[in-house]
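Commentary on secondary and tertiary structure
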Amino acid sequence: MLKNYFKVAIRNLFKNKAFSVINIAGLAIGLTGFTLIYMYVTFELSYDKFHDDSDRIYRVVTDQVVEADVLTRDAMSFAPEGRALMDELPEIEAFTTTQKMWGNFNLRVGDQLFTEKAVVAADTNFLKLFNYPVIKGDASDPLREPDKMILTESTARKYFGNENPLGKLVHVYSGLDKSFQVVGIIEDVPQNTHYKFDMLISFESIRERWENDAWGGYNYYTFIKVAEGINIDALRAKMWALAPKYLNEETTLVFTPQKMEDIHLYSNLTFEPEVHGNMRTVYFLSIISIFIIIIAWVNYINLSTAKAMDRAKEVGLRKVVGAQKFQLVKQFLIESLLLNFVSAVLALTAIQILAPFFNTLVERQIILNVWSDAALLITMSVLFLVGTILSGFYPAMVLSSFKPVAVLRGKLRTSFKGIMLRKGLVIFQFCTSLALIAGTMIVYLQLDYMRNRDIGINIDQVVAVTEPRIAPDDSLGLRKIETFQNQIRQLPPVASIGVTSSIPGGGSSDISSFSGGLRLDGEAESDRSTYYVIVTDEKFAEVVDLKLLAGRNFIKGMASDTSAVIINETVMKRLGFQNPEDAIDHYVQIGNNEDAERQPIIGVFSDFNRQTLRNATEPILFFRNTWGTAGYQTARITGNIRETMAEIENIWFDIFPNTPFEYIFLDDKFDIAYKSDRTFGQIFSIFAVLAIVIACLGLFGLSSFIAVQKTKEIGVRKVLGATVPSILFLLSSGFLQLIGYGLIIGIPLVYFGMNQWLDNYAFRINFPWWVFALAAITLVIITLITVSYQTLKAALANPSKALRYE
């Protein structure tokens, strides 16, 4: 019996080729789009969940709280903090303290130079708290001694090929200038962790650094593991209460636990180890994926119920010869199953073909081989079964419910419920299409605004060369830095060159800060806000065309400038000044210490966007570089960039033969900073187009059926003198009316949803109301183009043939 059901189903699929192709194409595209987004969203939600007891691991962050207001949230903590919390609070079972080694880590293996950017100093608890399997070496406590190093598997292969790396030496130049022994190899760190690294060095190797910091600077990442069943709010209160004990009674800083599983999507603290994702982005993409699959299923329901009359006689005859309703339901569900199965196979094939492009787009290796990816196959299987039931059950019930008498009387042609259902589903398609068209426009406008907005400085053709890490007492190294700068300055294409500790386009980890606030002119108490610091020279402002609003810039050789400060507009306003000139000749002191150095304000720079437009303008204090090295040498190049960079590289290796030449152009750095926004825009646009294509397939099929249904009516109207335009209007007006209903529902949804997305940005466009008009016009044009073929074909048909129809 089941065999006969499949035979009849296959026969019907081939008999109604156009119907089958439209449904299969729509379902396949829908399944492909939904699955790709689902895999990406699932990956984003999986961050840091691969560790044992990941739900009990928290990062300790430092909040600045003034009068119950959280002013600043910093991802870092104090070096002794983990041990202190472990000793004080029985709720904490374990801890680990780490430091991310910022910037480039220059090292030598044999005769080869390498640069690593993902290096972490970790204590002996790190591999006990986190699940990173040790492949080679001592798995019990490999980081207990100083000058020891653990490499990931791929990093070890890069350095040593197929040789056994254990016991080999790696010489590190950056800030340490000593050799480390490789004592272990671990598996490569998964992509779905917020704290990535390619190399671990023992925390003991930087003992002098963290002992000097102690409770004076929070420059470390601390993680704790709490006992099962702990009330985290109660633990947070206890941790807050401990801060005055270890800092001071007047401190505004508190220790706060932050769930590790939430960091990637919910955390936007200062000094994050990497640029994180955004839960709102995940929400928006999830909504698009749901739209895509629902539209595909709606198409199937719409076309199946619209073609009900074509199957009415078949149902009537089957019932006359004794077919039961459950048998008819089974028949039509099997047809739905076949359609969904073919669509699922086509979708998997499409996903395999698109996998390289999709992985490149999201910059993650999410999809490799679909046929061996258990998670993907399970996802597709669930979609196949759900789709078969959801898209097939209602049409099956409708078709199996026909009564032979009703069929002969033609009542089904005027079924109010059927008409209203189809109209409701089409309105849903128009509503979602409007939302996606308008949403795509708004995303594009915001991204274009960020690309073209004046950020307050000129970064075109400005290159930043990373200086080698040189200690303040390294006179030879400082002379080399000066020699490098002087030789670069002599190159004709180099218009100007200056040094800075922070280059535009970086995140909060690329700039120094302090949380003690500023005291103006000896005030009794500081404002306790967080301020940021850039160490620079007298030439940096010239390099990036940073405007001086009042006062003067630093002057080379002027001794008094070593204690002077230049502020930006944001600092000026925080200090209570309305005009830049009013701030000149006042002085500031850092923190509440009355003995703190009095630093005169000698100038006010205009505000500029050091970070992306997601972030508000920072309050920045500029101090003069007194060491001779700050972090970056920046130069504006006016000639041939390629030739000039080749000359600069030759000069570099003449002076620093053991240090890799690392540089980046500032416009490229900003471009990298906006990469996640561009990726979201591309994903949103691509899948919005997919959803609209699926909706168009459904409209094409529905308009075809309506045109066939109205064949006799069209013939009569033409005989009575109706023109082709009037017939076209007749067949299209119903869809235009439904578009109107879609606009009424869709406009408020778009306004609310896209405003939520725009609120992610400190600098955003005003909501463009004209987008609704443009989106509506676009939707009307797309709809008319989609239905025009069938409507025009029906309008131009010979009336005599129309009247002979049936």
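Let me begin by describing the structure that accompanies this report. (Residues numbered from 1 in each chain as written. Predicted model: local features only at pLDDT ≥ 70, side-chain atom pairs only at ≥ 80, totals over all residues. Heavy atoms only, no water.)

Now for the overall build of the protein chain. Check the secondary structure of the protein chain and you find 25 helices and 25 strands. For the protein chain, buried positions account for 53% of its 806 residues. Counted over contacts in the protein chain with a minimum sequence separation of 6, partners at least 24 positions apart contribute 79%. Just so you have it, the protein chain exposes about 36000 Å², and 57% of that area is on carbon and sulfur atoms. (Helix = DSSP H or I, 4+ residues; strand = E, 2+ residues; numbered from the N terminus. Buried < 20%, exposed > 50% of the residue type's maximum accessible area, 1.4 Å probe, protein only. Contact = heavy atoms within 4.5 Å. Areas by Shrake-Rupley, 256 points an atom, 1.4 Å probe, with all protein chains shown as cover.)

Remark: helix H15 (residues 475–489) packs on helix H19 (residues 641–655), axes separated minimally by 10 Å, with the N-to-C direction vectors making an angle of 155 degrees. When the axes of H15 and H19 are compared, the pair comes out roughly antiparallel. The handedness of the crossing between H15 and H19 is right-handed. Mapping the contact onto sequence places Lys480, Thr483, Phe484, Gln487 and Ile488 in H15 and Ile648, Ile651, Trp652 and Ile655 in H19. Residue classes in the contact of H15 with H19 are distributed as six nonpolar, two polar and one charged. (Axes fitted to C-alpha atoms, helices over the stretch in contact; angles between N-to-C directions. Parallel < 35°, antiparallel > 145°, perpendicular 65-115°, else oblique. Left-handed = near helix turned anticlockwise from the far one by under 90°. Nonpolar A, V, L, I, M, F, W, Y, C, P; charged D, E, K, R; others polar.)

Right, let's talk about the packing of aromatic side chains for a bit. On inspection of all chains with the given rule, the structure shows 40 aromatic pairs. Aromatic pair Phe130 and Tyr132: ring centres 6.4 Å apart, planes at 55 degrees, arrangement tilted. Accessibility classification places Phe130 together with Tyr132 in one group, the buried group. Judged by centre distance (6.2 Å) and plane angle (85 degrees), the rings of Tyr159 and Phe160 are edge-to-face. By the burial criterion, Tyr159 is buried, and Phe160 matches it. Three or more aromatic residues joined by ring pairs make a cluster, and in this case those are Phe50, Phe126, Phe130, Tyr132, Tyr195, Phe197, Tyr221 and Phe223. Over the aromatic face of Tyr587 sits the side chain of Arg598, whose NZ or CZ is 3.6 Å from the ring centroid. (Phe/Tyr/Trp six-rings, centres within 6.5 Å; stacked < 30°, edge-to-face > 60°. Lys NZ or Arg CZ within 6 Å of the ring centre and 35° of its normal.)

This part is about H15. Counted at 1.5 Å a residue, the expected span for H15 with its 15 residues is 21 Å, and the 21 Å between its end C-alpha atoms agrees. Along H15, the positions that sit buried rather than exposed are Gly477, Leu478, Ile481, Phe484, Gln485 and Ile488. Buried residues of H15 fall within an arc of 115 degrees about the axis and therefore sit on the same side. Each element contacted by the buried residues of H15 is listed here: strand S14 (462–466), strand S15 (494–500), strand S24 (632–637) and H19. (Expected span 1.5 Å × (residues − 1). Arc of directions from axis to C-beta.)

Our next topic: the side chain of Arg636. As for its placement among the helices and strands, Arg636 is situated in strand S24. One buried charged side chain, Arg636, makes no salt bridge at all; its nearest oppositely charged neighbour is Asp545, positioned 6.3 Å away. A distance of 2.6 Å separates a polar atom in the side chain of Arg636 from the backbone oxygen of Asn458. Look past the residues within four positions of Arg636 in its chain and what remains in contact with it is Asn458, Ile459, Asp460, Gln461, Val462, Pro493, Val494, Ala495, Ser496, Val543 and Val544. (Lys, Arg positive; Asp, Glu negative; His and termini not counted. Salt bridge = Lys/Arg side-chain N within 4 Å of Asp/Glu carboxyl O. Polar contact = N/O pair within 3.5 Å; in protein donor to acceptor, adjacent residues only side chain to side chain.)

Enumeration according to the criterion identifies 29 salt bridges in this entry. The shortest N-O distance in the salt bridge between Lys245 and Glu88 comes to 2.4 Å. Here Lys245 is found in helix H7 (residues 232–246), whereas its partner Glu88 is found in helix H3 (residues 81–88), with 157 residues between them in sequence. The shortest N-O distance in the salt bridge between Glu145 and Lys148 comes to 3.8 Å. The exposure class assigned to Glu145 is partly exposed, which follows from its relative accessible area of 38%. A single salt-bridge network, built from bridges that share partners, covers Asp53, Arg56, Glu93, Lys225 and Glu228.

Before going further, it helps to spend a moment on helix H2 (residues 17–45). Look at H2: 41 Å from first C-alpha to last across 29 residues, which is about the 42 Å you get at 1.5 Å a residue. In terms of residue burial, H2 counts as a mostly covered element, since 21 of its 29 residues are buried.

Turning to a nonpolar patch on the surface, a few remarks are in order. On the surface, Phe341, Val342, Val345 and Leu346 cluster together into a nonpolar patch covering about 310 Å² of accessible area. For Phe341, the position within the fold is in helix H11 (residues 325–362). Given a relative accessible area of 44%, Phe341 falls into the partly exposed group. (Patch = residues over 30% accessible without salt bridge, like charges linked within 9 Å, V, L, I, M, F, W, Y side chains within 5 Å.)

With that settled, the discussion passes to the pairing of strand S18 (residues 531–536). The side chains of a regular strand alternate, first on one face of the sheet and then on the other. Buried residues dominate S18, accounting for five of its six residues. Taken together, the three bridges between strand S16 (residues 512–514) and S18 define a ladder with antiparallel strand orientation. Bridge assignment links Phe514 to a residue of S18, and that residue is Tyr531. (Pairing = 2+ DSSP bridges.)

Before going further, it helps to examine unusual backbone geometry. The general pattern is negative phi for most residues beyond glycine and trans for most peptide bonds. Located in the positive-phi region is Ala214, a residue other than glycine, with phi close to 40 degrees. Secondary-structure assignment places Ala214 in the loop between helix H6 (207–213) and strand S12 (221–226). A positive phi is found at Gln461, a non-glycine position, where the angle reads about 60 degrees. In this structure, Gln461 sits in the loop between helix H14 (416–452) and S14.

A separate point is the environment of Thr256. You can see Thr256 is positioned in strand S13 (residues 253–259). For Thr256, a relative accessible area of 3% puts it in the buried group. Expressed as a C-alpha distance, the spacing of Thr256 and Trp240, which sit 16 residues apart in the sequence, is 6.7 Å. With near-sequence residues (within four places) excluded, Thr256 lies in contact with Arg59, Val60, Val61, Asp63, Arg73, Arg236, Met239 and Trp240. Here the side chain of Thr256 touches Asp63 through a polar contact of 2.9 Å, side chain to side chain.

Formed by 114 residues in total, the largest nonpolar core has its most connected members in Ile367 and Phe622. At 13 residues, the largest contribution of residues to this core is made by H14. Not counting the four nearest positions on each side in its chain, Phe622 is found in contact with Ile534, Thr536, Leu546, Phe554, Ala564, Val565, Ile566, Asn568, Phe605 and Phe608. (Core = buried A, V, L, I, M, F, W, Y, C linked by side-chain atoms within 4.5 Å.)

Once that is clear, we can look at the pairing of strand S8 (residues 148–152). The buried fraction of S8 is high, at five of five residues. In this sheet, strand S10 (residues 178–186) lies alongside S8 in parallel orientation, the contact comprising five bridges. Among the inter-strand pairings, Met149 is bridged to a residue of S10, identified as Val182. Pairing between S8 and strand S11 (residues 199–202): three bridges, direction antiparallel. Paired with Ile150 across the bridge in S11 is Leu200.

What follows deals with the packing of H3 against H7. At a minimum axis separation of 12 Å, H3 and H7 run at an interaxial angle of 120 degrees. By the angle class used here, H3 and H7 are oblique. When you trace H3 past H7, the crossing you get is right-handed. Where H3 approaches H7, its residues Ala84, Leu85 and Glu88 are matched on the opposing element by Met239, Leu242, Lys245 and Tyr246. Split by residue class, the contact of H3 with H7 holds five nonpolar, no polar and two charged.

Note that every value here comes from positions in space, so none of it alone points to a role or purpose.
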